[in-house]
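Tertiary structure, described
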Amino acid sequence: MSLSPFEPAPLPDDAIELGRIQDAWGIKGWVRIQPHSADTEALFASSAWFLQPPEARFARGFDAFAGSVRVQVAEIKPHADGAVARFESVDDRNTAEALKGVRIYLPRSAFPKAPEGEYYWVDLIGLAVFNREGKPMGVVRDLMPTGPHSVLVLEFSDTVDGKPQLAERMIPFVDAYVDSVDLQARRITVDWQSDY
């Protein structure tokens, strides 16, 4: 099957995977989106997305397109814990069902500017975290939503029984513990100790 409304296009160098298509929604070509983050502002702000086939383990029988494609978003709206969207020229359930498992990308440069003091999660991943005394606390591996605030999940090297191993540390991402975030220096300073 060929989905001619989808324009073959290489992923931009700064492309970031923001979610996946879960399934068709309704009978008029809409798809249900599962975002990777609770922050969906970038998905809603962009009129064009890049799509890639599902990962190999989920792609059995996938033949909607090969490589990456660019699609125009005709409509998008919030729905339950995700969103639903309709692409231009996709107007039937069968075509929408063929997109199950497809990965959604946007270039980081297309994200709306974050308000002062707010950050996109993707910008925090990989930042080095130090406490006020300059002691390294680890590197941000992930952020975990906990309801009222997010938690930085750090990875750091530790020694257990004389053997080096990777360990995990969690720090609430709130003003009480986070002194500063310097995206250019790729550094976060926190009021935290290694024995907390």
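Quick note: structure is the one above.
Read on for a plain summary of the structure. Treat the numbers as computed from the prediction; the structure is a model and nothing was measured. (Residues numbered from 1 in each chain as written. Predicted model: local features only at pLDDT ≥ 70, side-chain atom pairs only at ≥ 80, totals over all residues. Heavy atoms only, no water.)

**Description of the packing of aromatic side chains**
Applied cut-off: Two rings from Phe, Tyr or Trp (for Trp, the six-membered ring) form a pair when their centres sit within 6.5 Å of each other. Planes less than 30 degrees apart are called stacked, planes more than 60 degrees apart edge-to-face, and all others tilted. Per-residue accessibility, obtained with a 1.4 Å probe over protein chains only, is compared with the maximum for each type, and a residue is labelled buried under 20%, exposed over 50%, and partly exposed between these values. Geometrically, a charge over a ring is one whose NZ (Lys) or CZ (Arg) sits within 6 Å of the ring centre while staying within 35 degrees of the ring normal.
Taken as a whole and assessed by the stated rule, the structure comprises seven aromatic pairs. Aromatic pair Trp25 and Trp30: ring centres 5.9 Å apart, planes at 70°, arrangement edge-to-face. Look at Trp192 and Tyr196: their rings are 5.1 Å apart centre to centre, the planes differ by 70°, and that puts the pair in the edge-to-face class. Residue classification places Trp192 among the buried positions, given a relative accessible area of 11%. A residue is classified by how much of its surface remains accessible, and Tyr196, at 58% relative accessible area, is exposed. Within the aromatic cluster, the residues linked to one another by ring pairs are Tyr177, Trp192 and Tyr196. One Lys or Arg, Arg187, reaches over the ring of Phe130 and ends 4.0 Å from the middle of that ring.

**Quick word on the sheet that holds strand β9 (residues 136-145)**
Either a parallel or an antiparallel arrangement is found when strands of a sheet pair, and the pairing is made through backbone hydrogen bonds. Under the convention used in this document: Two strands are counted as paired when DSSP detects at least two bridges linking them. We count a stretch as a helix when DSSP gives it H or I for four or more residues in a row; a strand needs E for two or more, and each element gets its number in order from the N terminus. Interaxial angle, 0 to 180 degrees, is taken between N-to-C directions of lines fitted to C-alpha atoms, where a helix line uses only the stretch in contact.
One open sheet accounts for six strands, arranged β11-β10-β9-β8-β13-β12; its pairing is mixed. The two strands at the open ends of the sheet, each matched to only one other strand, are β11 (163-172) and β12 (178-182). Across the sheet, the mean angle separating the axes of adjacent strands is 30° when strand polarity is ignored. Across three bridges, the pairing between strand β8 (residues 128-131) and β9 is antiparallel. Across the sheet, the residue bridging to Phe130 is Pro136, located in β9.

**Considering the environment of Met144**
As a reminder of what qualifies: For this analysis, residues touch if any pair of their heavy atoms sits within 4.5 Å.
Assignment of secondary structure puts Met144 in strand β9. Residue classification places Met144 among the partly exposed residues on the basis of a relative accessible area of 33%. Residues Met144 and Ala56, spaced 88 residues apart in sequence, show a C-alpha to C-alpha distance of 27 Å. The residues touching Met144, leaving out its near neighbours within four places in the chain, are Trp121, His149, Ser150, Val151, Val153 and Met170.

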